[in-house]
Amino acid sequence: MTERFNSSGRVQKAPENFLTPAGVKTVFAEGKQGRRDFIRRAFAAASTATAAGVAAVAAPANAWAQGNPIPTEGGDPNILNLPAHATGLGQGVATEGYGKPSKYESNLQRRQSPGLTQTTQASVSFAPLQSLFGIVTPSGLHFERHHQGWWDIDPSKHRFMINGMVKNPKVFTMDEIMRLPSVSRFHFIECGANTAVDWGNVAVPTVQYTHGMLSCSEFTGVPLITLLELAGADLKNGKFVLAEGGDGSAMTRTIPMSLITSGEVLVAYGQNGEMLRPENGYPLRLVVPGVQGVSWVKYLRRVEVGDQPYAAKDEAIHYIDLQPSGLHRQYTNIQECKSVVTTPSGGQVLLDKGFYNITGLAWSGKGKIKRVDVSTDGGRNWRQARLETPVLSKALTRFNLDWVWDGKPAIIQSRAQDETGYVQPMYKQLRDVRGTRSIYHNNAIQSWLVQENGEVKNVQVS
Amino acid sequence: MFKFPKIVLAIAIGLSFASAFAQSTKYPGVGRDATPKEVAAWDIDVRPDFKGLPVGSGSVAKGQDVWEAKCAQCHGIFGESNEVFSPLIGGTTAEDIKTGRVANLTRTDFPGRTTIMKVATVSTLWDYINRAMPWTNPKTLTTEEVYAVTGFLLNLAGVVPDDYVLSNKNIAEVQKRMPNRNGMTTAHAMWPGKEFGGTSKPDTQNTICMKDCKPEAKVASFLPDFARNAHGNLSEQNRMVGQQKGVDTTKPEGSTGKTSTSAPATSTAPATPAKAADGKADNKAVMALLSKNVCTACHGIDKKIVGPGFNDIAKKYPGKVDYIAGKIKSGGSGVWGAIPMPAQNLSDADAKLIAEWIANGSQK
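What comes next concerns the included structure. Worth saying up front: this structure is predicted, and the values here are computed from it rather than measured.

### With respect to the pattern of salt bridges
Here comes step 1: A complete count under the given rule lists 40 salt bridges over all chains for this structure.
Here comes step 2: Between B:D33 and A:K170 there is a salt bridge, with the nearest N and O atoms lying 3.0 Å from each other. Here the residue B:D33 occupies a position in strand β1 (residues 32-33), and A:K170 occupies one in strand β4 (residues 170-173), the pair thus bridging two chains.
Here comes step 3: Between B:K329 and B:D348 there is a salt bridge; the shortest N-O distance is 3.1 Å.

Quick look at the structure:
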């Protein structure tokens, strides 16, 4: 032993091919003659494990329920009987070259709200917020909003153009954009219409449908200002920028130059360490932190610098906020401070009274979350929640609060405050100013009613 | 004698400028100048001051023809349809054209808001039709067609007369008659810059109160019982493991949860993948084709939407696969109603697959 441990600083080579082909033959031959029984047993065990694995998939539905009673027969069969995965051979590396979630997680899906739209190509899907952890949304569960269907665009053919009030209109390939110095930042993206269906009354059952047009990712890309400077943009007189998509809808939105010169706006290709998913704008999209999702133009093909706003369809017909006066607010872009409890939340059932971790998400389009308070009595009394790190500007922030449920009805709410001091409003406060027909930018405090039978319901309180 | 050094100096300055510019380029080799032809191909936006609007014109009469062939199937003959997209036309009056404010927007009892009630700028209509219509074949309209269709819509709304010819020359006059041209405000705190003046003060001011903040809360609004299962079985939309489960909404309220004697088995096993051998895969493939080609926007399986239900087609043309496939490819009008079906751009094989499925009774 001394030889190996004394040779410090040297990596020992792992033993490889310690059996020669002839040696293998010998072992097999001996095995067949019964002299090396253990080999046969090993192979038999491996094949049994495969069969058991198939049986597990077909197990009855209630196998998922996890009662944890005190065992009557001396122990929990899940402990006493070794399962296949403890006694068999698992799958090899790279069986899934691009891994997928466990099959037991298949209930987590983006979902459409039935009846919300007539076509799937001009529609939305909602992220399953009720089942997500931390602040990052898995790319495959990121909410979708398409205006004319999504495409998987060949990045080698994608071009990005800058024109308008610039010295030299420019064209970039993806290769060129990816050569430039990149930054990676966590930001939330929320559709301006998120929670719209609940403006007037409770309309949908779960947090997926009330708040699921919300996701948060680490985006990687080049600050748009870098590219504008390359084109020699007139940053003084060019007060507005038009961003335009390359898909059929050719989505256009006006972005203020001040947001771009701050370096915040990114021309992004990366999301959560991989390239953008096609549903989220592959190969290139705009990232406009704090601003509603419609401005984060997907399949970005062009940016034009101009001295006036553009009144594109989605800023002159949609994404305008009707006030009780009959006037529409136009160019309402910022997603104001908002939060929601994701557990417990609508459509769930608590199994029994006792300890629970109330958890949820808070965010603000104006900066960092400063604090979150949680009420379990419909807003009469509040306790301050723990903010979990990281707390990032214009990103989701996770909050947690200890709670012992006594089995009585409870109405759970969360109330966020951002670093500007702004406090998330109650429904009454929002409606007092904006009425009930405003559709967009509903950031009111959400209420979940926990009933005595454990069922949690979406409600609004007086 | 003086002139010569001056010229040399000028050249020298010119050269040093040129080289200074090149060196000030921080990222040499990245990006190239766009050609005028390239910019022209992509720079299609039209602003409210009509910058970007191409020279051209189109009549209301021509617009009606284009509308019936390419637009009516989604928007209705009069732009009033709510079947595929929200209605475009309706809800405005001659008085609105005078005031520039749509009176119905102040009413809480007026059903819905049409595009013409909301839009303040005629450039928005022109630009969007030009860039994104028809929905299934965007950017295929000629400049004349865009003018014509825009004019037709404005005619439906009573903004321009029947014999109007909309053009780049008179569109500014039309802007002065837009029913909701005075209906927008930028005075709010939700624009991230100072470009509009506006205000930086948010319109709601909640405060942080921690104790006895309000009287006991009463539930004022909740989802009615009939909507319990409207979003599918919620037990299948929650994680199978965790501190809570999803409610089984296929069962009446209270049948799950802590009141049950055994552990509540509210979740089900993961959805099994569609079986390939039992014919269901074919239906799945057809469903994907129907969705991809947006057939289901206009046709239900057993109900009429804009066009007939697939089952009705099967009743009328039982087994006539080739006929149905032909109709899918060529489009048609007059058989099922006034709104024509446009010719569909899909392969013969796909058309046949769909036609077979329709002729055989269209099942999900």
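### A few points about the packing of helix α3 (residues 60-70) of chain B against helix α8 (residues 143-156) of chain B
All names here are of chain B.
Here comes step 1: In contact at an axis separation of 7 Å, α3 and α8 are set at 95° when each is read in the N-to-C sense. Considering their axes alone, α3 and α8 lie roughly perpendicular with respect to each other. Contacts between α3 and α8 involve V60, K62, G63, Q64, V66, W67 and K70 on the former and, on the latter, E144, E145, A148, V149, G151, F152, L153 and N155.
Here comes step 2: Grouping the constituent residues of the contact of α3 with α8 by class yields seven nonpolar, four polar and four charged.

### Section: unusual backbone geometry
Here comes step 1: Of note, the amide linkage connecting A:Y282 to A:P283 takes the cis form, showing an omega dihedral of 5°.
Here comes step 2: Locating A:P283 in the fold gives a position in the loop between β10 (274-275) and β11 (285-287).
Here comes step 3: Here A:T389 and A:P390 are connected by a cis peptide whose omega angle stands at 0°.
Here comes step 4: Inspection of the secondary structure puts A:P390 in the loop between β20 (386-387) and β21 (397-405).
Here comes step 5: Despite not being glycine, B:D212 shows a phi value in the positive range, around 45°.
Here comes step 6: If you trace the backbone, B:D212 turns up in the loop between β4 (184-185) and β5 (219-222).

### A closer look at the sheet that holds strand β14 (residues 328-329) of chain A
In sheet architecture, strand pairing relies on hydrogen bonds along the backbone and comes in two forms, parallel and antiparallel.
Here comes step 1: With mixed pairing, three strands are arranged side by side in an open sheet as β13(A)-β14(A)-β4(B). For this open sheet the edge positions go to β13 (321-322) of chain A together with β4 of chain B, each flanked by a neighbour on one side alone.
Here comes step 2: The pairing of β13(A) with β14(A) spans two bridges and is classified as antiparallel. Paired with A:L322 across the two strands is A:H328, which belongs to β14(A).

Definitions and cut-offs
Residues numbered from 1 in each chain as written. Chains lettered and ligands numbered in written order. Predicted model: local features only at pLDDT ≥ 70, side-chain atom pairs only at ≥ 80, totals over all residues. Heavy atoms only, no water. Salt bridge = Lys/Arg side-chain N within 4 Å of Asp/Glu carboxyl O. Helix = DSSP H or I, 4+ residues; strand = E, 2+ residues; numbered from the N terminus. Axes fitted to C-alpha atoms, helices over the stretch in contact; angles between N-to-C directions. Parallel < 35°, antiparallel > 145°, perpendicular 65-115°, else oblique. Contact = heavy atoms within 4.5 Å. Nonpolar A, V, L, I, M, F, W, Y, C, P; charged D, E, K, R; others polar. Pairing = 2+ DSSP bridges.

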